[in-house]
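# Coordinate inspection notes
These are the residues of each chain, in order.
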Amino acid sequence: LEVPETNDNLKLFGLDVFAGYPINLDGFNELPLPSDYRLKVGDELKISIFGLKNHQSTSQISPMGELAIPNFGNFEIAGLSLSDAREELLVKIRVTYPGTEITLSLSQLQPKKVFVLGNVINPGSYGVNAFATAINALITGGGLQGNSSLRNIKINSSNKGDQSLDLYSFLINGETQSDVLLEDGDAVLVGGLEKSVHVFGEIIRPAIYEIKDGEHVEDILSFALGFTEMADKRNITLQRKTEIGSLETMQVSEENFSSF
């Protein structure tokens, strides 16, 4: 770790995670299909039918949302889960062919179109795969510009309603479940940095950290991974700008870390 020599050399924590390397969002075979994945126009399915009449084929869901199975008919399945689509086919085909069994699997997924907007390096619309999350979208958009908010990423969706993502849950605590799975047409919006604290001195990870209302010195020290062995925990100096722009200096004692 390169320790900054002055407070002016500090960088906003987390920006470099989302830029500077390519990522392939095209493949999906090595990933598990999300349980809530909904079939959509362009998805390609492999169909196997066994019973009074056997059949095997690969077919793509049409722009009308239908799956065409030769000699069996057309079935409207767009918007259904894979298991619900199988049940839909079973119910309708068994009317004519009792006892029929069906296996249904995805052979190719249609990419989703999402929008990455706001304070990102390359804003625009992108084609991403069915497993893409908000974090994938940020990487696809080239990463975040300086002075971006990492703790209030907005995901605007017509299907799920608006959501927000605090990237500190992922970057600091490793909580991958905090990420948001995107749907076709979703927009990921990055706003500007509003509130931040510079952490400097005998601390493991000196940086600029974004803060939310209600957070304390204890939280900021946690973001910075705590003190080095050389730190004097009894001598924590805090500088704060006053309303007239001058700097006010105060000492924060260790017993007040959780309340200040």
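Structure shown above.
The following refers to the structure shown.

Take the nonpolar core next. Among the nonpolar cores identified, the biggest contains 43 residues, and Phe18, Leu138, Leu150, Leu167 and Tyr209 are the most heavily contacted of them. No other element matches the 5 residues that helix H2 (residues 134–140) contributes to this core. Apart from residues lying up to four places away in sequence, Phe18 is in contact with Ile135, Leu138, Ile139, Gly142, Gly143, Leu150, Leu167 and Leu171.

A positive phi angle, near 60°, is found at Asn147, a position not held by glycine. As for its placement among the helices and strands, Asn147 is situated in the loop between H2 and strand E8 (153–156). Owing to a relative accessible area of 57%, Asn147 belongs among the exposed residues under this scheme. A positive phi angle, close to 70°, is found at Leu225, a residue other than glycine. Along the polypeptide, Leu225 turns up in the loop between helix H4 (217–223) and strand E13 (236–241).

Moving on, we get to the sheet that holds strand E1 (residues 44–50). With antiparallel pairing, the 3 strands of this open sheet are ordered in space as E2-E1-E5. Both outer strands of the open sheet, strand E2 (55–60) and strand E5 (101–108), are each paired with one neighbouring strand and no more. Direction aside, the axes of adjacent strands within the sheet are offset by 20° on average. For E1 and E5, the ladder comprises 7 bridges, and the chain directions are antiparallel. Note on E5: the bridge partner recorded for Glu44 is Gln108. Sitting on the sheet, helix H1 (residues 82–96) is in contact with E1 and E5, with an inclination near 140° to E5.

You can see Ser148 is positioned in the loop between H2 and E8. Taking relative accessible area as the criterion, Ser148 reaches 0% and is therefore assigned buried. Polar side-chain contacts of Ser148 include one of 2.7 Å to the side chain of Asn119. In contact with Ser148, not counting residues within four places along its chain, are Leu12, Leu15, Asn119, Val190, Gly191, Gly192, Leu193 and Glu210.

A few words now on the packing of aromatic side chains. In the structure shown here, the tally under the stated rule is 6 aromatic pairs. A centroid spacing of 6.3 Å and a plane angle of 35° characterise the contact between Phe227 and Phe257, whose relative ring orientation is tilted. Linking Phe227 in the loop between H4 and E13 with Phe257 in the segment after strand E14 (247–252), this pair joins segments that are 30 residues apart in sequence. The exposure class of Phe257 is buried, given its relative accessible area of 9%. These aromatic residues form a ring-pair network of at least three members: Phe13, Tyr168, Tyr209 and Phe223. Above the ring of Phe72, the side-chain terminus of Lys53 is found at 5.5 Å from the ring centroid.

Reading guide: rules and limits
- Residues numbered from 1 in each chain as written.
- Predicted model: local features only at pLDDT ≥ 70, side-chain atom pairs only at ≥ 80, totals over all residues.
- Heavy atoms only, no water.
- Core = buried A, V, L, I, M, F, W, Y, C linked by side-chain atoms within 4.5 Å.
- Buried < 20%, exposed > 50% of the residue type's maximum accessible area, 1.4 Å probe, protein only.
- Helix = DSSP H or I, 4+ residues; strand = E, 2+ residues; numbered from the N terminus.
- Contact = heavy atoms within 4.5 Å.
- Pairing = 2+ DSSP bridges.
- Axes fitted to C-alpha atoms, helices over the stretch in contact; angles between N-to-C directions.
- Polar contact = N/O pair within 3.5 Å; in protein donor to acceptor, adjacent residues only side chain to side chain.
- Phe/Tyr/Trp six-rings, centres within 6.5 Å; stacked < 30°, edge-to-face > 60°.
- Lys NZ or Arg CZ within 6 Å of the ring centre and 35° of its normal.

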